[in-house]
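# Breakdown of the fold
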Amino acid sequence: MSQAPGKAPPESQGLGALGLKLGLSRLALWWEGAWRALWPPLGILGAFLALAFTGLLPSLPPVLHLLILIGFAAALGYLGYRAALGLSKPAADAAARRLERDSGLAHRPLAVLADRPAGDDPMAQALWQAHRDRAVAQLGQLSVSRPSPRLAARDPRALRAAVLVALVASLGMAGREAPERLLAALVPPFAEPASAPAALAARFEAWVTPPAYTGAPPQFLNAAGGAVAVPSGSRLHMVFSGSANPPELRLGSAAHAFARMDAQSHALELPLTEGGALVLKRDGRDVAQWALTITPDAPPVVAWDPSPARAGRGLGLRLPWKAEDDWGLVALRVELRLKQRPSAPPVTQDMPLPGGAPRQAQGSAQHDFSAHPWAGLEVEARLFARDGAEQEGKSEGAFLVLPERRFSHPVAQQLIALRRALSLDPGAREPARRELDRITNAPEAFEHDTGMYLTLRSARHRLLRDRRDEAVPEVQQILWDVAVALEEGRTDRTARALNQAREALREALEEARRDNPERSPEQRAELQRRIQELREAIRRHLEALAERMQRENNEALSYDPQQRVFDRRELERRTRRLEDAARDGRQEDAEREMAELEEMLQALEEGRTSRAEDRQRQQRQRGQQQMGALQDMVRREAEMLDRAHRRSGEQDINRTDSRRPPPPRPQTPEAREEAARDARTQRALRRALGELMQQVGELTGDVPAPLAEADRAMRDAAEALAEGRDPRGAQQQAIRALTEGGRQMSQRMQRQFGPPQPGEGEGEGEGQEMAGDQQGSEGQENQLGEGRDPLGRDRRETGGSAQDNAGDTLVPGEAERLRSHQLQQELRRRGAERERAPVELDYIDRLLRRF
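Attention shifts here to the packing of aromatic side chains. For the coordinates displayed, the defined rule picks out five aromatic pairs. Judged by centre distance (6.1 Å) and plane angle (40°), the rings of Trp207 and Phe220 are tilted. A residue pair is termed long-range when its members are at least 10 positions apart, and Trp207 in strand β1 (residues 203-209) and Phe220 in strand β2 (residues 219-220) qualify at 13 residues. Assessed through its relative accessible area of 60%, Phe220 is described here as exposed. An aromatic cluster is built from Phe204, Phe240 and Trp290, whose rings are joined through pairwise contacts. Between Lys339 and the ring centre of Phe399, over which it is positioned, the NZ or CZ distance is 5.2 Å.

Encoded structure:
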């Protein structure tokens, strides 16, 4: 039987596949033997890696750490040696037997292919050939199964799986620190070789904390390095973990050591005072590097804007200023130094700054130094501004004369001059003592006031006996108090002296009429002396009244012939007639002139009381005018708020999702023009508020704090309008502050000037509305009157037509309109608080739609 050319015989093809399968079987046998021999040392190695990745070994004492390393090394060496002995090359017949077992062949067919018959008998040869052909036919059924080391028999408790799970878990714990932890586990701290490689993938965190006064957040350093600029006074914080060896930080040429937190962590805190190269090193290698720049904190800049000067009204000193600082201002003060005595301690006055720590600020303060001993002297005023770093900046000096109070009483003028001389030369005690002696030796100059005489003698004794430096300022204060008492209390003293002179003249006339109607020359001389004393007492009293009225900004005294109000010329004429009648011995004419003179003096006293009442009424009217101006500001601020709401559209009240802010909407040119007009109006309102605050301070002596808050809110609103931002929050704050300031103003004016009298303040009721809801309700009840319903109509039980009742209906006025507007603003404020419940917000939106 012939075979086609180009094809290998079937027997040769089967033998080729047999060689490949025998090689695979031999490889499987080798793998099974190697795995059975190597798994004990591999298990020891896995257990060591799992223990190393947990990071426990470096935390142990070095001796124990070394013993554990020796134990693992010994176990690994012993088991590795046994594994090396167990590794051998599988024999060929073993590979054939495994292949026959895997294929399920019986009678070792692969051995038949290698055997030969022992004899040459043809029959035996044919029979062997047939047996060989059957073996070759079975070669197609050969297959190699997967290696199976059968470790379960050697490891019945599956410790190999536990080692694998522990290794995976510890590797997950270590993460990127696995190489670092492995190195730390292999090298105990006292046995680490000098040539151990540095871990380049170190884990650290570094940040810079600026000073608290800057308000800047911490600045984290990039692990890759780079340029860093920090404020002066900052502190560097750095934490290095995952290494038993502490790193090193270099700033310029200086080295800074880390403090150990635990076996694997180190920390450092360093104040940064200079810049330079900031390098983090470990084991001689650079881990990270930064170029550090320290930004110096410049001192504040403060200046006069413009120069200080006397206030337009009153005795106050106006101090306009402007200041700026790179991180914010914390304090501002003015220092006054006496030009003629620069060595004297300065007078310091703190000045208010806007809220927070503004980086730029501008304002004007007003202080009254008229009571200071330096009043009337030239001083140098200088501003000092301080920032959070306790750095101070100062302005240029401005020379001015401190406003002083003008005194008209001669003794008060002498005491103020003496007080001023002691300010220029505190050591001139002897001249001051002599001047006090001269003043007290003429007590008639201060109406023989015993209290003032004793006070001046006490001041004189203190200058003579008390050698303390503080004695001079104490005496200056005494002199000031006496001068003020002489000036302000002169009216009462002159009135008392006038009454005494009048009584003395009346007694002299009665005595002359009773004893000797003809009068002797001595009696005529006595009467002339008494009349002269009365004339002098009248002159002094008139001068005191005129000075008091001038001080209180009243008009000059006038003569009213119907009410017999005094006039200097009329009193002089009456006194001359009295003197002529007394000199000529006309007793009845003298008594009649005396009676008319007393009547005029009585009218003088009554007119003084009525003028005091008129003055108080004028002050109330001024207060009502100021309240009206304040209310007008509230109205105009509310109008601007309405326009701001209109420009913003209906987004704030018609959006369905109350938790999402409305998207920004571009403004039209008309809206931008309107906002610019409102910005100008807002600035004008703020200037008007500043003038009103000054007037309120002059009238009541104090300015309510809410008005200052309103001034700041108006400033913020003007800036927001100018920059195109939403001004509504600042405008609402301004309205609330103005309303509260008006309420406090009304209460303060009522305490000082009393409540309005009937018939006063007509047309000024809008100011009273701000005094509070309680007063408003009382005023409403007074307007309604008795027998009217809440709408102001008559409660007629019978009769009356619609025309009759129409005239009695009270139309809501300005106060009611203001109250409605205030309610509207409160609803808008609450509607802007989107954290409220949706039900409440929907209710507020429905109410706002009515407006």
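Moving on to the side chain of Arg282. Turning to its location among the elements, Arg282 is positioned in strand β9 (residues 276-282). Among the polar contacts made by the side chain of Arg282, one reaches the side chain of Glu180 at a distance of 2.9 Å.

Moving on, we get to the packing of helix α10 (residues 429-440) against helix α11 (residues 450-465). Closest axis-to-axis distance for the α10/α11 pair is 9 Å, and the angle between their directions is 160°. In this view, α10 runs roughly antiparallel relative to α11, as classed from their interaxial angle. The hand of the α10/α11 crossing is left-handed. Across the interface between the two elements, Arg429, Ala432, Arg433, Leu436, Asp437, Ile439 and Thr440 of α10 pack against Tyr453, Leu456, Arg457, Ala459, Arg460, Arg462, Leu463 and Leu464 of α11.

Residues Trp35, Leu38, Leu42, Leu45, Leu76 and Leu87 make up a contiguous nonpolar surface patch of roughly 440 Å² in combined accessible area. Tracing the backbone through its elements, the reader meets Leu38 in helix α1 (residues 10-53). Residue classification places Leu38 among the partly exposed residues on the basis of a relative accessible area of 33%.

What follows is about the pairing of strand β8 (residues 265-271). Across seven bridges, strand β4 (residues 235-241) lies against β8 in antiparallel orientation. Note that in β8 the partner of His237 across the bridge is Glu269.

To continue, consider the pattern of salt bridges. Taken as a whole and assessed by the stated rule, the structure comprises 35 salt bridges. Close ionic contact of Arg468 with Asp466 constitutes a salt bridge, the shortest N to O distance being 2.9 Å. Several salt bridges converge on common partners, so that one network encompasses Glu430, Arg433, Arg434, Asp437, Arg457 and Arg460.

The next point concerns the nonpolar core. By size, the foremost hydrophobic cluster in this structure holds 26 residues, and its most contacted members are Val334, Leu336, Met351 and Trp374. Put simply, the parts of the chain that give this core at least two residues each are β11 (301-304), β13 (316-324), β14 (329-338), β16 (360-368), β17 (378-387) and β19 (398-401). Here this core gets five residues from one element, more than from any other, and that element is β14. With near-sequence residues (within four places) excluded, Val334 lies in contact with Trp304, Leu319, Val347, Thr348, Gln349, Met351, Ala381, Arg382 and Leu383.

Read from one edge to the other, the open sheet built from five strands follows the order β3-β10-β9-β5-β6, with strand pairing classed as mixed. The two strands at the open ends of the sheet, each matched to only one other strand, are β3 (226-231) and β6 (254-257). Within the sheet, the average angular offset between the axes of one strand and its neighbour, ignoring direction, is 25°. One ladder, built from seven bridges, connects β9 with strand β10 (residues 285-295); its direction is antiparallel. From the neighbouring strand, Arg282 faces β10, where its bridge partner is Arg285.

The next point concerns the sheet that holds β8. Strand order in the open sheet formed by five strands is β2-β1-β4-β8-β7, and the pairing between neighbours is antiparallel. Here the strands that pair on one side only, and so sit at the sheet edges, are β2 and β7 (259-260).

Scoring rules and cut-offs
Residues numbered from 1 in each chain as written. Predicted model: local features only at pLDDT ≥ 70, side-chain atom pairs only at ≥ 80, totals over all residues. Heavy atoms only, no water. Phe/Tyr/Trp six-rings, centres within 6.5 Å; stacked < 30°, edge-to-face > 60°. Helix = DSSP H or I, 4+ residues; strand = E, 2+ residues; numbered from the N terminus. Buried < 20%, exposed > 50% of the residue type's maximum accessible area, 1.4 Å probe, protein only. Lys NZ or Arg CZ within 6 Å of the ring centre and 35° of its normal. Polar contact = N/O pair within 3.5 Å; in protein donor to acceptor, adjacent residues only side chain to side chain. Axes fitted to C-alpha atoms, helices over the stretch in contact; angles between N-to-C directions. Parallel < 35°, antiparallel > 145°, perpendicular 65-115°, else oblique. Left-handed = near helix turned anticlockwise from the far one by under 90°. Contact = heavy atoms within 4.5 Å. Patch = residues over 30% accessible without salt bridge, like charges linked within 9 Å, V, L, I, M, F, W, Y side chains within 5 Å. Areas by Shrake-Rupley, 256 points an atom, 1.4 Å probe, with all protein chains shown as cover. Salt bridge = Lys/Arg side-chain N within 4 Å of Asp/Glu carboxyl O. Pairing = 2+ DSSP bridges. Core = buried A, V, L, I, M, F, W, Y, C linked by side-chain atoms within 4.5 Å.

Note that all results are geometric; they support no functional claim without further evidence.
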